[in-house]
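Structural characterization, general
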Amino acid sequence: MDHVSVLGAAPHKPRVPLPGKRLQGWQHPHLGHADGQDRTIKVWRTQDGVLCRTLQGHAHWVNTMALSTDYVLRTGAFEPAEATINPQDVSGSLAELKDKAQQRYDQVRGQEPERLVSGSDDFTLFLWRPAEDKKPLERMTGHQALINQVLFSPDTRLIASASFDKSIKLWDGRTGKYLTSLRGHVSAVYQIAWSADSRLLVSGSSDSTLKVWDAKMKKLAIDLPGHADEVYATDWSPDGQRVASGGKDKCLRIWRR
């Protein structure tokens, strides 16, 4: 886990004040990748910056990407399952923490290579294995407007996608097969975030609300009104206890589970 890098891409067109162009690190020991306005995803060798592979398939700009291992890379040695509502102190030497982080990464990844999901202005998603092949595993269709964000669940079993078509869709994280649509927002869905246990998904929308969805039951669990205008950003704390949201009303709100 020593060689993750972030590579640049052209900035997103100014449609809404979101962090539009997702710049992505690649956990493969020698690869990095980035999306761009040329409708491609490029895979680079991190040691010397040599372009290794170009992933083609989207018919318009690539807005967002996510790795199957994003969550475990984000949390490292921190184990959300052991967390409480109080902050957890992570103790141990640097070597011990790196070893624990590597163990968590290996457990989440399993024996398969990492998967990458991409979302585009062309209303589609693609599922890839960039370290192995430039051909996509699956072309995922169903959204009726551009894709704002895609995310693997922490356990990598599900993919969630948020769109301007007012819906969130769930897909199988290994095959890309469509599972269900979560509907309830009355305007564009800008951002989504998974809880640490992969059971709940929170979404923020231009309709000024956040909604918490039960991924297993495939239905709305909690409606969170409170913002006075569009909700541009939301995230779930790694310990799973709190959700943060921010929007056009200039307020940052913290919600406790």
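Residues numbered from 1 in each chain as written. Predicted model: local features only at pLDDT ≥ 70, side-chain atom pairs only at ≥ 80, totals over all residues. Heavy atoms only, no water.

1. Here's the deal with the pairing of strand β14 (residues 200–205)
Counted residue by residue, β14 has 6 buried out of 6 residues, so it is predominantly covered. The two faces of β14 match: Leu200, Val202 and Gly204 on one face and Leu201, Ser203 and Ser205 on the other face are all buried. Once strand β13 (residues 189–194) ends, the chain turns through 5 residues before running back antiparallel as β14, passing serine 198 with a positive phi of about 65°. Direction of pairing for β14 relative to strand β15 (residues 210–214): antiparallel, over a ladder of 5 bridges. (Buried < 20%, exposed > 50% of the residue type's maximum accessible area, 1.4 Å probe, protein only. Helix = DSSP H or I, 4+ residues; strand = E, 2+ residues; numbered from the N terminus. Pairing = 2+ DSSP bridges.)

2. A few points about the packing of aromatic side chains
Evaluation of the coordinates by the stated rule reveals 4 aromatic pairs. Here the aromatic residues Phe164, Tyr190 and Tyr232 are joined through ring pairs into a cluster of three or more. (Phe/Tyr/Trp six-rings, centres within 6.5 Å; stacked < 30°, edge-to-face > 60°.)

3. Considering the nonpolar core
Core analysis: the biggest nonpolar cluster contains 13 residues, and Ala160, Ile168, Leu170, Leu182, Ile192, Trp194 and Leu201 have the highest contact counts within it. Secondary structure elements with two or more residues in this core: β10 (158–163), β11 (167–172) and β13. Setting aside chain neighbours within four positions, we find isoleucine 168 in contact with Ala160, Ser161, Thr180, Ser181, Leu182, His185, Val189, Ile192, Leu201, Ser203 and Trp213. (Core = buried A, V, L, I, M, F, W, Y, C linked by side-chain atoms within 4.5 Å. Contact = heavy atoms within 4.5 Å.)

4. Description of the pattern of salt bridges
Applying the stated criterion across every chain yields a total of 7 salt bridges. A salt bridge links glutamate 112 to arginine 129; the nearest nitrogen and oxygen atoms lie 4.0 Å apart. Note that glutamate 112 is positioned in the loop between α2 (94–109) and β6 (116–120) and arginine 129 in the loop between β7 (125–128) and β8 (138–140), a separation of 17 residues in sequence. Look at arginine 129 and you get partly exposed, because its relative accessible area is 24%. Through salt bridges with shared partners, one network takes in Glu112, Arg115 and Arg129. (Salt bridge = Lys/Arg side-chain N within 4 Å of Asp/Glu carboxyl O.)

5. A few points about the confidence of the model for the protein chain
With 83% of its residues at a pLDDT of 70 or more, the protein chain has an overall mean of 85. Of the regions scoring below 50 in pLDDT, residues 1–23 engages in 67 contacts with residues more than four places distant in sequence or in other chains. Here residues 26–30 is a poorly scored stretch, pLDDT under 50, and it has 26 contacts once near neighbours within four places are set aside; other chains count. (pLDDT = per-residue confidence, 0-100.)

6. Digging into the environment of tryptophan 194
Along the chain, tryptophan 194 falls in strand β13. Since its relative accessible area comes to 4%, tryptophan 194 is described here as buried. With 43 residues separating them along the chain, tryptophan 194 and serine 237 place their C-alpha atoms 9.3 Å apart. Not counting residues within four places of it along the chain, the set of residues in contact with tryptophan 194 comprises Leu151, Phe152, Ser153, Pro154, Leu158, Ala160, Leu170, Leu200, Leu201, Ala215 and Trp236. At 3.4 Å, the side chain of tryptophan 194 forms a polar contact with the backbone oxygen of leucine 151. (Polar contact = N/O pair within 3.5 Å; in protein donor to acceptor, adjacent residues only side chain to side chain.)

7. Section: α2
Between its first and last C-alpha, α2 extends 22 Å over 16 residues, near the 22 Å set by a 1.5 Å rise per residue. Considered for burial, the residues of α2 that qualify are Ala101, Arg104 and Tyr105. An end-on view of α2 places all buried positions within 100° of arc, on one side of the element. Turned more than 90 degrees from where α2 packs its buried face, Ala95, Glu96 and Gln107 sit exposed. Elements that come into contact with the buried residues of α2 comprise α1 (70–75). (Expected span 1.5 Å × (residues − 1). Arc of directions from axis to C-beta.)

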